[in-house]
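Summary of structural features
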Amino acid sequence: MNKVMSNKWVIALYVLPALLVISVLIYFPIILTGYYGLMDWDGIGEMTFVGLENYANLLTDEKFWDSALHSFLLAAFSTLSLVGYLIISLILAGKIKGSELLRKIYLIPMLLSSVAIAQLWLKIYDPNNGIINSFLTAVGVENTPVWLADSNLVLYSIFVAIIWQYAGFYIIIYSAALKGIPESLVEAAKIDGANPIQIAYKIKLPLISGVIKVTIILAIVGSLKYFDLIYVMTGGGPNGASEVIASYMYKQAFSTNDFGYGSAVGFFLLVICLVITWLIRKLTASEDEIQY
Amino acid sequence: MKKKALSVSFLLIVVTSLMLAACSSDTESSSESENESGSNGGDVKTIDFMHLWPEGSSKQHNEIVNSIIDEYESNNEGVEVEVEILGNEQYKEKLKVLSASNELPDVGMTWSAGFLEPYVEGNKFATLDDVIEENLSDAFVPGTAEAYALDGNTYGLPLELNITPVYYNKAIFDEYGLEAPESFEELKEVVQTLVDNGVTPITLGNKDSWTGSMWYMYLADRIGGPETLTNAINRTGSFEDPALVEAAAQIQELVDMGAFVKGFNGLGNDEAKGYFINEQAAMYLMATWDLPEWTTNEDNPQEFRDSVGYFKFPTVEGGEGDINSYVGGPGVGLFVAEESDVKEEAKDFAAFFVEKWGEQSVTKAGVIPATKVDTSETDLPQMYIDILNDLNDASNLTLYADVQISPGVAEVHLNMIQALFGGEVTPEEFAAEQEQALADEE
Amino acid sequence: MNKENIELNKQTKINVTAKKGISLWGRIGYGLLYLILGIIAIFQIYPLVWLFMFSLKSNSEVFGKSPFALPESPRWENYAKAWTDGSINLYFFNSVWITVVAVVLTVLLASFVTFAITRMNWKYNKLVLGLFMVGLMIPIHSALIPLFDFFNKLNLIDNPISIILAYTAFNLPLTIMILLGFYYTLPREVEEAAVMDGCSVHRIFFQITLPMTTPVISTTVIINMIYNWNEFIFVNTFISSDKYKTLTVGIQNFIGQYLTDWGAIGATLMISIIPILIAFILLSNRIVEGIAAGSVKG
């Protein structure tokens, strides 16, 4: 057994092509990003080496830390929303009528490009003609909120859109994982008299714990580098109230022509992701698996 | 064992075919580009031209461009113009990436002043003074080509010129017995009447905060005169000038009166314009690039188009600025890449393009060109003729603040505009913050 | 694995206290459940309806009027415009083949890696997995200039290979992560038995593991497909000729310097969602069927 499964040549054959692709197309840009971060460069003309100046500025840049806080909040909300996705997936995995159809319907939003999703949510949040405020006005609310224009609400308004946008992504992963649980285990528990909630909690969840851990990492890392809807829906405004790390980085690099600083922000973001992933690995490590 | 061999070879095929494809196309495209660029003394010289008028959104622009290119190619045997078109945002992004890799197109579009500066400093754009002297010496409206000049050299040939009037809905004004205001006090009265009647006075898409910036710039001009803001920016003056603080205070007064559409800080300009077109708001301050919307755009109801009028931004009593001073400026212009293989041809093409564009753009696409327009012989909607006349009488043209200043300070300015309109900062803080940003940059 | 199961069974036995049979409360519960599920379903399907209406409107209707409103007079010409002015007919084919090649390449490479990491015995598997995971963390805009430079040096700019490679590289880490969770869950008995029988690694991979992982493969195919289909930053940056552009770039055709034709954008989005919707429905069935096939073998 060990001999066959330890064949060095086979391992190399299986791993190297993919490793080659990512080392060239991902590690090369990562290294260059770190390198640009040491430069004073507008992305257009000559570069000048400034050492760690950009990184030093970063540590005292209030706007950066504000946007970092927003990114962390998004990460927290996305992780919490995994519970909701999981519950929906568990219900749909049960033997209820129409679950196949419902599951397909639930995944529809993930097919839409962010351009479409942003337009939809702009229409939902429009302060005068929007779906929510039309409804609120109809039921007699006078001072309807202005959502995306309100510095206190804007971030959470977008979070709702993002959480909705990603529902399909996680439900499809959880659904596939739940389908992978052998029917016999569930049947055995039923014969023993377990109710659906007990089956879900005691049998299904432990069996897909590996998948759950993966989705936690995906949700956190994905949130920390999230960009799309925020950039289209608010551009980070009003006055930075919905700025996140990636949109801040983009503005620095592409709009304000401080490519060196933007790269430093990008590289720092990568470091934050690494540290957090490492922490998650430590916190959720278990004996019988490879730690990831 | 057979299976094993099969699967291994399958994998190898996948990987190697990719590599091969990469290599083969490698040689293919390199030989192609050599032929195209003609740097080896080939017969055909290719000018790469990148612009931002796609057929879908800017059909007329696109057609004019194509006809100019056809004409140029038939006039100049052996020169070919290859076009790449991108949407506005993507254009800016790609220009940057191309520039970082030294791969700028031979001819492309640039914005003036602050946008152009890093490209000039990075030695990416060619000087065009020779072309202007030779072919276009008296072609441009005074002040337009200068917006593309740095240290006495010109790096862009302007294609458009816009000023910014206040458009208003005559039907709504009539309904409440209102007239186009000439002074700021009158404007406030108009606003008050509309607010009292539950009509949104002004629509504003301040998510794109350059829109709010235009309101601020006008008030700064009307209160402090055209030099005050310009001096603050070029550091002969200060942003904490009382006139600039007062202008900010006036903005907040308008906001407090309820002059602007609800939720303006979250609305984009397209959405804000929608309120005006759907007659849900009475006034809209926007540049003349929107003139086609009020005149020729069949998508908007005729009745609405007929009811749109415009007035010049009102004067402030006791203020320095006069009514014929405008916020505006040239939009895009053409640049020629410094490292172009076909620089001479590219310059020649750019000059030809500007000339032909000036002849056709206003009649065919409704774009007011930066070259002088002879209104006597053209058949234009009345609003165009009025605007062109106003342009002739203009006493001053102040370039949009976010274009005028460097991108870094522009970002601060735009953020502060949102904060000012949103009531998050006092006028004093608003001024102080920008003074700080400008001073830091010196 | 087996040991774990037995333990689980024991626990459930101890904890079981539930009564059997469906009571009145049970029925009300089910009714409520369906009500909630139904409301969520409306939320999820509404966007398609909305997009369809959007695609039949003019700019002035899109903005300013209620998003619920039906188009005043449906503008089918938006579709004609999208098809001709937007060159969609040309981009459509590119989108399809580029998406398919990139998806196949990504999922195949990712399966190889995941198999090697979870099933084979070697010292550096954790390290290599870590290397792939770091790939999740790079913001796409940081990579644009370095990647452009790289492809430019290889003369791959304006060549579809550049976007296929970029899609593969940027989706590999995610795909591997998703596969990983499943490979851990899957029982290894079948593979172990196959090794006993003297099967080669390749045979195990292609004939046992791949079929057994059909559900997750379908999942990753769907996710990759959607990502590639909707991607536009790489296409815009690396491709300049019309002949290689994809559908998402068709949207760019309607974004003007000052005026954006939203109705035509809606039509383009609507057209571009149809093939992916069909592919999605077919594939999501595979998630179920795949299990059946896998469990027969297991």
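Bear in mind that the values here come from a model prediction, so they are computed numbers and not experimental data.

When its secondary structure is counted, chain A shows 13 helices and two strands. Expressed as a percentage of the 292 residues in chain A, the buried residues total 59%. Across chain A, the fraction of contacts at a sequence separation of at least 24, relative to all contacts at a separation of at least 6, is 65%. Taken as a whole, chain A presents about 11500 Å² of accessible surface, with 66% of it coming from carbon and sulfur.

The next point concerns the overall build of chain C. Looking only at helices and strands, one finds 14 helices and zero strands in chain C. Its helices and strands taken in sequence order, chain C reads α-α-α-α-α-α-α-α-α-α-α-α-α-α from the N to the C terminus. Out of the 298 residues belonging to chain C, those deemed buried represent 61%. Of all intrachain contacts in chain C linking residues separated by at least 6 positions in sequence, the fraction that spans at least 24 positions is 75%. When the accessible surface of chain C is split by element, carbon and sulfur atoms take 68% of a total near 11800 Å².

Before going further, it helps to examine the interface of chain C and chain A. The interface of chain C with chain A comprises 108 residues on the first partner and 93 residues on the second. Broken down residue by residue, the surface that chain C buries against chain A is led by Gln44, Met137 and His141 of chain C, which jointly contribute 8%. Taken together, chain C and chain A are joined by zero salt bridges. Run the count over chain C and chain A and you get 10 residue pairs in polar contact (both at pLDDT 80 or more). With 15 residues, the single largest contributor to the side of chain C that touches chain A is helix H2 (residues 24-54) of chain C. Class assignment of the residues belonging to the side of chain C that touches chain A gives a composition of 79 nonpolar, 22 polar and seven charged.

Let us look at the interface of chain A and chain B. Counting residues at the interface gives 36 residues for chain A, matched by 31 residues for chain B. Taking both partners together, chain A and chain B bury about 2700 Å²; carbon and sulfur atoms supply 54% of that area. The interface formed by chain A and chain B contains one salt bridge. Our enumeration of links across chain A and chain B arrives at 15 residue pairs in polar contact (both at pLDDT 80 or more). The element that contributes the greatest number of residues to the side of chain A that touches chain B is helix H12 (residues 245-255) of chain A, accounting for five residues. The residue makeup of the side of chain A that touches chain B, split by class, is 18 nonpolar, 14 polar and four charged.

This next bit is on the UniProt feature "transmembrane region" (unreviewed entry) in chain A. Mapped onto the present numbering, the UniProt feature "transmembrane region" (unreviewed entry) falls on residues 12-38, 72-93, 105-122, 153-173, 205-227 and 259-280 of chain A. Counted over residues 153-173 of chain A, helix gives 95% and strand 0%. Its end C-alpha atoms are 31 Å apart.

Quick look at the nonpolar core now. All names here are of chain B. One finds Phe49, Trp215, Tyr216, Met283, Trp294, Leu334 and Phe353 to be the most contacted residues of the largest nonpolar core, which totals 354 residues. Composition of this core by domain shows at least three residues from each of domain 1 (44-161 + 330-373) and domain 2 (164-323 + 394-441). With sequence-adjacent residues up to four places away left out, Trp215 is seen in contact with Leu187, Ile202, Leu204, Ile251, Leu254, Phe260, Leu285, Phe313 and Phe421.

Right, let's get into the sheet that holds strand E14 (residues 396-399) of chain B. Paired through backbone hydrogen bonds, the strands of a sheet run either parallel or antiparallel to each other. Residue and element names in this part refer to chain B. Read across the open sheet, the three strands follow the order E7-E12-E14; overall the sheet is mixed. The open sheet is flanked by strand E7 (162-163) and E14, the only strands paired with a single partner. The sheet contact formed by E7 and strand E12 (residues 325-329) spans two bridges and is antiparallel. Bridge pairing in E12 links Asn162 to Gly329. Contacts from helix H8 (residues 210-224) reach E12 and E14, with the element oriented near 145° to E12.

Following both chains from N to C, one finds helix H1 (residues 8-36) of chain A and helix H8 (residues 160-185) of chain C inclined at 105°, their axes separated by 9 Å at the closest point. Here H1 of chain A is positioned roughly perpendicular relative to H8 of chain C, judged by the angle of their axes. The residues of H8 of chain C that touch H1 of chain A, namely those facing Ala18, Val21, Ile22, Leu25 and Ile26 of chain A, are Leu165, Ala166, Ala169, Phe170, Leu172 and Pro173 of chain C. Across the contact of H1 of chain A with H8 of chain C, the residue classes tally to 11 nonpolar, no polar and no charged.

Moving on to a nonpolar patch on the surface. A surface patch of nonpolar side chains, about 910 Å² in accessible area, is lined by Leu24, Trp25, Ile28, Leu32, Leu35, Ile36, Ile39 and Phe43 of chain C. As for its position among the elements, Leu35 of chain C is in helix H2.

Our focus in this paragraph is helix H5 (residues 114-125) of chain A. All names here are of chain A. In a regular helix each residue adds 1.5 Å, so 12 residues correspond to 16 Å; H5 covers 16 Å between its end C-alpha atoms and thus fits that length. Among the 12 residues that make up H5, 11 are buried, leaving the element largely enclosed by the rest of the structure. Those residues of H5 that sit buried are Ser114, Ala116, Ile117, Ala118, Gln119, Leu120, Trp121, Leu122, Lys123, Ile124 and Tyr125.

On to the UniProt feature "domain: ABC transmembrane type-1" (unreviewed entry) in chain A. Under the UniProt annotation, "domain: ABC transmembrane type-1" (unreviewed entry) lies at residues 68-280 of chain A. This span, residues 68-280 of chain A, is 74% helix and 0% strand, and a straight line between its end C-alpha atoms measures 19 Å.

What follows covers the sheet that holds strand E11 (residues 308-311) of chain B. Residue and element names in this part refer to chain B. Read across the open sheet, the four strands follow the order E9-E10-E8-E11; overall the sheet is mixed. The sheet is open, and its two edges are formed by strand E9 (200-202) and E11, each paired on a single side. Each strand axis lies, on average, 20° off the axis of its neighbour in the sheet, ignoring direction. Sheet topology places E9 next to strand E10 (residues 281-285); two bridges connect them, and they run parallel. Residue pairing across strands places Thr200 opposite Ala281, the latter belonging to E10. Across the sheet, helix H7 (residues 184-196) is in contact with E9, E10 and E11; its angle to E10 comes to roughly 145°.

Parameters at a glance
- Residues numbered from 1 in each chain as written.
- Chains lettered and ligands numbered in written order.
- Predicted model: local features only at pLDDT ≥ 70, side-chain atom pairs only at ≥ 80, totals over all residues.
- Heavy atoms only, no water.
- Helix = DSSP H or I, 4+ residues; strand = E, 2+ residues; numbered from the N terminus.
- Buried < 20%, exposed > 50% of the residue type's maximum accessible area, 1.4 Å probe, protein only.
- Contact = heavy atoms within 4.5 Å.
- Areas by Shrake-Rupley, 256 points an atom, 1.4 Å probe, with all protein chains shown as cover.
- Buried area = accessible area lost by both parts, 1.4 Å probe.
- Salt bridge = Lys/Arg side-chain N within 4 Å of Asp/Glu carboxyl O.
- Polar contact = N/O pair within 3.5 Å; in protein donor to acceptor, adjacent residues only side chain to side chain.
- Nonpolar A, V, L, I, M, F, W, Y, C, P; charged D, E, K, R; others polar.
- UniProt positions renumbered as here; feature names shortened; annotations may be inferred.
- Core = buried A, V, L, I, M, F, W, Y, C linked by side-chain atoms within 4.5 Å.
- Domains from an automatic or database assignment.
- Pairing = 2+ DSSP bridges.
- Axes fitted to C-alpha atoms, helices over the stretch in contact; angles between N-to-C directions.
- Parallel < 35°, antiparallel > 145°, perpendicular 65-115°, else oblique.
- Patch = residues over 30% accessible without salt bridge, like charges linked within 9 Å, V, L, I, M, F, W, Y side chains within 5 Å.
- Expected span 1.5 Å × (residues − 1).

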